[in-house]
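A look at the structure
These are the residues of each chain, in order.
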Amino acid sequence: MPAKIITVFNQKGGCAKTMTAMQLAGSLGLNGLKVFVIDMDPQNTASLWFHQAKPEHPFPAEVLSLSVLKENFLDKLEPLIVKADVILIDCPPSVESRVPWFSLMASDLALIPVIPLLDNIWASKQAEQLVLEARQMRASKGIKTELQAAYVLSMVRRGKVLESCEEALKKAANVTILKSKMSMRNAYPECQLYGCVVTSFGQSEATRELNSLTKEVAGKLGLKLSIKK
Ligand SMILES: Nc1ncnc2c1ncn2[C@@H]1O[C@H](COP(=O)(O)OP(=O)(O)OP(=O)(O)O)[C@@H](O)[C@H]1O
Ligand SMILES: [Mg+2]
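**Observations concerning the overall build of the chain**
- Within the chain one finds nine helices and seven strands.
- Over its C-alpha atoms the chain spans a radius of gyration of 16 Å, differing by no more than 12% from the 17 Å that the globule rule assigns to 229 residues.
- Projected onto the principal axes, the alpha-carbon positions of the chain cover approximately 45 × 45 × 30 Å.
- A burial count over the chain gives 52% of its 229 residues as buried.
- Residue pairs at least 24 apart in sequence account for 79% of intrachain contacts in the chain once pairs closer than 6 positions are excluded.
- Working note: accessible area of the chain is about 11,000 Å², and carbon and sulfur atoms make up 55% of it.
- For the chain, the distance from the average position of its 28 positive side-chain charges to the average position of its 22 negative side-chain charges is 4 Å.

**Comments concerning the site of ligand 1**
- The environment of ligand 1 is formed by 17 residues, the closest being Gly14, Lys17, Thr18, Met19 and Ser183.
- The contact in question runs from an oxygen atom of ligand 1 to an N or O atom on the backbone of Gly14, over 2.9 Å.
- Between a nitrogen atom of ligand 1 and a main-chain N or O atom of Ser183, the distance comes to 2.8 Å.
- A total of 620 Å² of accessible area belongs to ligand 1 in isolation, and the protein chains cover 80% of it.
- Counting only elements with at least two residues in the shell around ligand 1, the list comes to helix H1 (17–30) and helix H8 (187–194).
- Of the residues in the shell around ligand 1, the class split is eight nonpolar, six polar and three charged.

**A closer look at helix H6 (residues 125–140)**
- Spanning 16 residues, H6 covers 23 Å between terminal C-alpha atoms, matching the ideal 22 Å at 1.5 Å per step.
- Residues of H6 that are buried include every one of Ala127, Glu128, Leu130, Val131, Ala134 and Arg138, and no others. Taken down its axis, H6 places every buried residue within 155 degrees of arc, on the same side. In H6, those exposed residues whose orientation departs by more than 90 degrees from the buried face are Gln136, Ala139 and Ser140.

**Thoughts on the nonpolar core**
- Counting residues in each nonpolar core, the largest one holds 40 residues, and the members touching the most others are Ile6, Leu111 and Val217.
- Those residues within four positions of Ile6 in sequence are excluded, and the remaining contacts are Leu24, Val86, Ile87, Leu88, Ile89, Ser107, Leu109, Leu111, Val217 and Leu221.
- Counting residues in each nonpolar core, the second largest holds 36 residues, with Leu77, Val131, Leu162 and Leu169 among its members.

**Thoughts on the sheet that holds strand E7 (residues 176–183)**
- In space, the seven strands of this open sheet follow the order E3-E2-E4-E1-E5-E6-E7, with parallel pairing throughout. Each edge of the open sheet is held by one strand with a lone partner, namely strand E3 (62–65) and E7. Geometrically, the sheet is characterised by an average inter-axis angle of 25 degrees between neighbouring strands, direction not taken into account.
- When strand E1 (residues 4–8) meets strand E5 (residues 109–114), the two strands line up parallel, connected through three bridges. Along E5, the bridge assignment pairs Val8 with Leu111.
- Packed onto the sheet, helix H9 (residues 205–221) meets E1, E5, strand E6 (148–156) and E7 and runs at close to 155 degrees relative to E7.

Criteria and thresholds
- Residues numbered from 1 in each chain as written.
- Chains lettered and ligands numbered in written order.
- Predicted model: local features only at pLDDT ≥ 70, side-chain atom pairs only at ≥ 80, totals over all residues.
- Heavy atoms only, no water.
- Helix = DSSP H or I, 4+ residues; strand = E, 2+ residues; numbered from the N terminus.
- Rg over C-alpha atoms; globule rule 2.2 N^0.38 Å.
- Buried < 20%, exposed > 50% of the residue type's maximum accessible area, 1.4 Å probe, protein only.
- Contact = heavy atoms within 4.5 Å.
- Areas by Shrake-Rupley, 256 points an atom, 1.4 Å probe, with all protein chains shown as cover.
- Lys, Arg positive; Asp, Glu negative; His and termini not counted.
- Charge placed at Lys NZ, Arg CZ, Asp CG, Glu CD.
- Near = heavy atom within 4 Å.
- Polar contact = N/O pair within 3.5 Å; in protein donor to acceptor, adjacent residues only side chain to side chain.
- Nonpolar A, V, L, I, M, F, W, Y, C, P; charged D, E, K, R; others polar.
- Expected span 1.5 Å × (residues − 1).
- Arc of directions from axis to C-beta.
- Core = buried A, V, L, I, M, F, W, Y, C linked by side-chain atoms within 4.5 Å.
- Pairing = 2+ DSSP bridges.
- Axes fitted to C-alpha atoms, helices over the stretch in contact; angles between N-to-C directions.

Written as structure tokens, this is what we have:
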């Protein structure tokens, strides 16, 4: 089966795109899948995170830095599609970049990390619009595979604002909201230090959240997870 491709994007900067891509990639890798992260951000955060790992404990997915190629990066995916189970594309933040657009053309799923604060929710409408336009373009090109799209609530803090944001996002009929969330927790960024994902720290609330996210995304894409190593 060709690899399932996931675009992780949002025009908004700093909303946990790289955090979502890397934690999910590593977790899918620990569940027995061959996973690549395509780092399309010139900041190279995903690549730097990957290289923090010690050789005896490698990051459980591969990360390729292809940001210099800009929108031509899709050519490099062809050989990966036959050997990988999942390819996650970590997009750059800027509205001007064409990378998310090209990435959406090739993807099975768009994940839109969004911080549940109203200004972030308002800004995410641009991402939603891009998904709708990409679906139209794919249909006009005769691309038969569906482009699924889902918001992932990131850096979540409980409270009244969270509920209002969830209500606001539910009005987006064309983009679902994942049940799984990533709360604001130190464990997530600590993984950058060791080149790992939260699962490596053992059972914790963060690991439970990541396992839930992994299962939910795998379910959407029909991916079979094996017992965790
Ligand atoms: N759940 C979380 N808990 C705590 N810190 C987090 C969480 N998610 C992300 N962060 C931190 O928030 C910051 C932004 O996250 P991240 O780099 O993943 O966002 P991004 O959308 O990829 O940013 P950019 O637009 O610059 O690419 C980082 O410092 C990251 O370590
Ligand atoms: Mg990033």
